[in-house]
Amino acid sequence: MADASKENPQRVERLGYLGLGLMGTPMTRRLLKAGYQVTVWNRSEGKVAPLAEAGARRAVTPRDLLTNSDIAFMCVTDAAAVEEVIFGPEGLAAAPGAGKLVVDFSSIHPDAARDLAKRLKAANGAGWIDAPVSGGTKGAEEGTLAIMAGGEADEIERARPYVLAMARRFTHMGPTGAGQTTKLCNQVIVGCAMAVLAEATRLAVNAGIDANRLPEALAGGFADSIPLQLFVPRMVQGIHSPPLGHIATMLKDLDTVADVAQATSTPVPMATLAGQLFRLAKAARGAEADALEIYKLSAAER
């Protein structure tokens, strides 16, 4: 991978990355490590400097980034932030877009993804893939992310070699919006798992057994899972930095689940309860706290 630009220079495209947060920074580092030319942009300059030192090129604006990239990746907080990056002053829509491709790793409402894709195509001709990610900061750092995508098949294949420098799995789920819908299914499972594992861990602690040994004791049984192995030790030991994800992000996604569920007449009682627990966690711990701090909701007062 590192020598791809030398082995096949005519097929290696110029890449861009917008949004250098918990996910964007390690994902960009993986692209740079793979030997690709990457131009970066972030709203706050402080997050750009370390990547520039690692070899990334700086873009002054999103428009500048797309002008100097063939494929632009993006990971920002919500649909409002995506809207601003694309259609704000000097946004992506202001750059020539014919033959260009925007791959959005953000988690937003499927309807918003479809609307943004349509408007961007009308504005400058750029293609769109909605490609939300799962795997947290650990997955971003290790390149083990699962990415679910919506868009045109040929554009998915065009982006695939670059995405697989950042992820273990890149699955085409259907037309635009399908990636976001798949991510909502993911968040139903992950959000409920966080709430249930917090409950099981607290039961172990309160009953006087070593909760640190739950992953070992349950490994290979029906209760075993990646969340069990990853989340429980962090809950018990109070490891929340860097966060696996923010409480506000999980709550945003579960609120979107509730909206889509209402629109599709889908009962989601477990996801609804998890959403309310994360709303409590947001009030108690703060929006930017690690989502696993949901475990602290049940701590005894001292």
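Rules behind the numbers
Every residue gets a number counted from 1 within its own chain, in the order that chain's sequence is written. A pLDDT threshold of at least 70 governs which residues receive local features in this predicted model, and a stricter bar of 80 or more applies before side-chain atom pairs are shown or counted, although totals over entire chains, interfaces and linings include all residues. Only hydrogens and water are set aside when side-chain values are computed; all heavy atoms of the structure are taken into account. Cavities and pockets are defined on a 1 Å grid built over the protein atoms alone: a cavity is a set of grid points where a 1.4 Å probe fits but cannot escape, while a pocket is an open set with protein on both sides within 12 Å along at least five of seven lines, and lining residues are those with an atom within 4 Å of any such point. Grid points are joined across faces, edges and corners, and a volume is the space filled by probe spheres set on the points. Working definition: helices are DSSP H or I runs of at least four residues, strands are E runs of at least two. Numbering for both runs from the N terminus. We call Asp, Glu, Lys and Arg charged. Ala, Val, Leu, Ile, Met, Phe, Trp, Tyr, Cys and Pro are nonpolar, and the rest, Gly among them, are polar. Burial classes: relative accessible area under 20% of the type maximum marks a residue as buried, over 50% as exposed, and values in between as partly exposed (1.4 Å probe, protein chains only). Counted as positive: Lys and Arg. Counted as negative: Asp and Glu. His and the chain ends are not counted at all. For this document, the term salt bridge refers to a Lys or Arg side-chain nitrogen within 4 Å of an Asp or Glu carboxyl oxygen. Nitrogen and oxygen atoms within 3.5 Å of one another constitute a polar contact, given that in protein one can donate a hydrogen and the other can accept it, and given that sequence-neighbouring residues count only through two side-chain atoms. For this analysis, residues touch if any pair of their heavy atoms sits within 4.5 Å. All axes here are fitted lines through C-alpha atoms, helices being fitted over the stretch that makes contact, and every angle between N-to-C directions spans 0 to 180 degrees. Oblique is the label for any angle not covered by the other classes, which are roughly parallel (under 35 degrees), roughly antiparallel (over 145) and roughly perpendicular (65 to 115). Throughout, a crossing is termed right-handed when the near helix is turned clockwise from the far one, and left-handed when it is turned anticlockwise from it by less than a right angle. For this text, the term disulfide refers to a pair of cysteine sulfurs within 2.5 Å. For two strands to be treated as a pair, DSSP must find at least two bridges joining them. Whether a crossover is right-handed comes down to one check: with the strands pointing away from the viewer, does the path from the first strand over the helix to the second run clockwise; if it does, it is right-handed. Centres within 6.5 Å make a pair out of two Phe, Tyr or Trp rings, where for Trp the six-membered ring is used; the pair is then stacked when the planes are under 30 degrees apart, edge-to-face when over 60, and tilted otherwise. Two conditions define a charge located above a ring, namely a distance within 6 Å from the ring centre to NZ of Lys or CZ of Arg, and an angle within 35 degrees of the ring normal.

1. Concerning the layout of surface pockets
Looking at the second largest pocket, its volume works out to about 240 Å³. Surrounding the second largest pocket, 14 residues form its lining, Ala195, Val196, Glu199, Leu273 and Leu277 being those nearest its centre. Elements represented by at least two residues in the lining of the second largest pocket include exactly α9 (178-206) and α13 (269-285). Here the lining of the second largest pocket gets six residues from one element, more than from any other, and that element is α9. By residue class, the composition of the lining of the second largest pocket is eleven nonpolar, one polar and two charged.

2. A few points about the side chain of Arg234
Tracing the sequence through the fold places Arg234 in helix α11 (residues 226-237). Although Arg234 is buried, it forms no salt bridge, and the closest oppositely charged side chain is Asp290 at an N-O distance of 4.2 Å. A polar side-chain atom of Arg234 sits 2.8 Å from the main-chain carbonyl oxygen of Pro242. Setting aside its immediate chain neighbours within four residues, Arg234 contacts Ile239, His240, Ser241, Pro242, Pro243, Leu244, Asp290 and Leu292.

3. So, the environment of Leu280
Within the fold, Leu280 resides in helix α13. Residue class for Leu280 comes out exposed when judged on its relative accessible area of 51%. In this structure, the C-alpha to C-alpha distance between Leu280 and Ile294, residues 14 residues apart in sequence, is 8.4 Å.

4. Notes on the packing of α9 against α11
Relative to each other, α9 and α11 sit at 50°, their axes nearing to 10 Å. With respect to α11, the element α9 is oriented oblique. Note on packing geometry: the crossing formed by α9 with α11 is right-handed. Where α9 abuts α11, its residues Val190, Ala193, Met194, Leu197, Ala198 and Thr201 lie against Pro227, Leu228, Phe231, Val232, Met235 and Val236. Here the residues of the contact of α9 with α11 sort into eleven nonpolar, one polar and no charged.

5. Focus on the state of the cysteines
According to the stated counting rule, one finds zero disulfides in the structure shown. Not part of a disulfide, Cys75 finds its nearest cysteine sulfur in Cys185, a span of 19 Å. Left without a disulfide partner, Cys185 is nearest to the cysteine sulfur of Cys192, which lies 12 Å away. The class for Cys185 is partly exposed, based on a relative accessible area of 48%.

6. A closer look at the pairing of strand β2 (residues 38-41)
The alternating pattern of β2 places Val38 and Val40 on one face and Thr39 and Trp41 on the opposite face, and all of these are buried. With four bridges connecting them, strand β1 (residues 15-18) and β2 associate as parallel partners. Its bridge partner lying in β2, Leu15 is registered against Val38. After leaving β1, the chain enters helix α2 (residues 24-33) and then returns to the sheet as β2, a path that is right-handed. By the bridge criterion, two bridges tie β2 to strand β3 (residues 57-58) in an arrangement that is parallel. Bridge pairing in β3 places Thr39 opposite Arg57.

7. Things to note about the packing of aromatic side chains
Describing an aromatic ring pair means giving the distance of the ring centres and the angle of the ring planes. Under the criterion given, the structure shown has four aromatic pairs. Between the aromatic rings of Tyr17 and Phe105, the centroid separation amounts to 6.1 Å while the plane-to-plane angle is 35°, which identifies the pairing as tilted. Residue Tyr17 is found in strand β1, and its partner Phe105 is found in the loop between β5 (101-104) and α6 (110-124); the two are separated by 88 residues along the sequence. An identical accessibility class is assigned to Tyr17 and Phe105; each is buried. Ring centres of Tyr36 and Tyr162 lie 5.1 Å apart, and the angle between their planes is 70°; this geometry places the pair in the edge-to-face category. Of the two residues, Tyr36 is situated in the loop between α2 and β2 and Tyr162 in helix α8 (residues 153-163); the sequence distance between them amounts to 126 residues. With relative accessibility at 6%, the residue Tyr36 sits in the buried group. Here the guanidinium or amino end of Arg119 rests over the ring plane of Phe87, the centre of that ring lying 4.2 Å away.

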